[in-house]
Every structure is written in C-alpha cells, then in structure tokens.
Amino acid sequence: MSMRFHGKVGLLCACGLVAAPAPALALEFSGGVSVGGIQVGTEPRLAVSPFIGWLWRRTGDFRIEVHNVLSVVPGAGVGVYDRTAVTFGYTTKTGSVSLGPSLSIYMMQVCGAVICDRVMGVAPGGRAQSDWYFAGRLGASTSLNVDWAGGSSRVLPGSMVLMVTAGPIWRFGGESK
C-alpha cells in the first residue's frame, strides 16, 4: 500500500471524528511517562515514552480516545518514534481497556542481521492499552503497539515494529464514572 493511501485513510478517520454528530458526555485528559522495550530490526532497545491522551466519553461505559506517544530511543544514534492512535474502549470504575488503529512517524538507528543504518518513515499499526487507577487520579498504564514499516530495507527485513510499555498515568480532568 502506498503512503498516499495511508494518508487518505488517516484524513478520513480524523474527519469522521470531527463530524461525529453525538455530543461528548465528558472530556478527560491524561498523561504520564512509560518505560519499555521497542523491537525494531534485530536488536531490542529501551525506550522512554511520555504520553498524553484525550478522551471523549460517549454512552455508558464505552469511550473514544486519542493517544499520542513520543518515544525517545537512546543509543549510538538517539531516535524518536511518535505514534498517534484513535482507540475505542470500555471503562469501569477503576480502569479502562482500549484498542484501535495508529499511525507512527519514526527516525532512529536500526540494526539488521548484517548492517546498521538510520531509518525514517511512516508506519500504520494498532494499539492496545489498559489503565488502572488505584489512588484517585493516579494510576498505572500498560500498552502494546504493533506497526508495519513500509518499503524494502536490508535493515528492516520483517517490516514489523513492536513496543510494550508500562508506567504511571495521571488523569487531569473529568471523573472516571
């Protein structure tokens, strides 16, 4: 699939959210910093990921969220991996789970089986996240992200990027049920 096609799909999703006729019943902002592993190429790396989320609560326990995660990947050449996702989720009194598509922009040093090289691009993917609030507005968040990096590359032969993170989360506004 071409980059142009992925751009049109992203624009269509964004327009659909803006044009959604149902009013939001509540707004909530959350943010935090996660630490976890990113697997790109053949060697796993540690990533530090500040994140923010914006929630529209619809009806009852179901919700729509927009997440943005900027992962800083330290190493010989510091890299960045920025991911935005629109997720659909279910919330309970003390937590939530969500799942949805994502779009990532990346630029980092990646090593394949034979060589290392700096790669950059855009990758469509998916995101799953769970949040658990155990002290009012303070909680813990875990996420799993899978992206498909496009193009042919000797450095990224499998074209798959996998990231698992966990860290604290703070809810800035709104109430959880």
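Structure first, text after, so check above.
Right, let's walk through the structure included here. Bear in mind that the values here come from a model prediction, so they are computed numbers and not experimental data.

1. Describing the packing of aromatic side chains
Under the defined criterion, the tally for this structure stands at three aromatic pairs. Between Phe62 and Tyr90, the aromatic rings sit 5.4 Å apart at their centres with planes inclined by 65°, giving edge-to-face as the arrangement. Of this pair, Phe62 sits in strand E3 (residues 62–73) while Tyr90 sits in strand E4 (residues 79–91), and the two are 28 residues apart along the sequence. Take Tyr90: its relative accessible area is 35%, and that puts it in the partly exposed class. Ring plane angle 15° and centroid distance 5.5 Å describe the contact between Tyr81 and Tyr106, whose orientation is recorded as stacked. Of the two residues, Tyr81 sits in strand E4 while Tyr106 sits in strand E5 (residues 95–111), which places them 25 residues apart along the sequence. One exposure class covers both Tyr81 and Tyr106, and it is buried.

2. Looking at the environment of Asn145
Relative to the helices and strands, Asn145 is located in strand E7 (residues 138–148). Given a relative accessible area of 1%, Asn145 falls into the buried group. C-alpha separation for the pair Asn145 and Ala128, spaced 17 residues apart in sequence, amounts to 6.5 Å. If we ignore the near neighbours within four places in the chain, the residues touching Asn145 are Arg83, Gly126, Arg127, Val161, Leu162 and Met163. A polar contact is formed between the side chain of Asn145 and the side chain of Arg127, at a distance of 3.1 Å.

3. Concerning empty space enclosed by the protein
As enumerated under the stated definition, the model contains one cavity of 30 Å³ or more in all. Taken together, 14 residues line the largest cavity, and the ones lying closest to its centre are Ser34, Phe51, Arg127, Ser143 and Thr165. Of all the secondary-structure elements, those providing two or more residues to the lining of the largest cavity are strand E2 (43–57), strand E6 (116–135), E7 and strand E8 (160–171). Looking at the lining of the largest cavity element by element, the count peaks at four residues for E7. Residue classes in the lining of the largest cavity are distributed as four nonpolar, eight polar and two charged.

Reading the values: the criteria
Residues numbered from 1 in each chain as written. Predicted model: local features only at pLDDT ≥ 70, side-chain atom pairs only at ≥ 80, totals over all residues. Heavy atoms only, no water. Phe/Tyr/Trp six-rings, centres within 6.5 Å; stacked < 30°, edge-to-face > 60°. Helix = DSSP H or I, 4+ residues; strand = E, 2+ residues; numbered from the N terminus. Buried < 20%, exposed > 50% of the residue type's maximum accessible area, 1.4 Å probe, protein only. Contact = heavy atoms within 4.5 Å. Polar contact = N/O pair within 3.5 Å; in protein donor to acceptor, adjacent residues only side chain to side chain. 1 Å grid on protein atoms, 1.4 Å probe; cavity = no way out; pocket = protein on both sides within 12 Å on 5 of 7 lines; lining within 4 Å. Points joined across faces, edges and corners; volume = space filled by probe spheres on them. Nonpolar A, V, L, I, M, F, W, Y, C, P; charged D, E, K, R; others polar.

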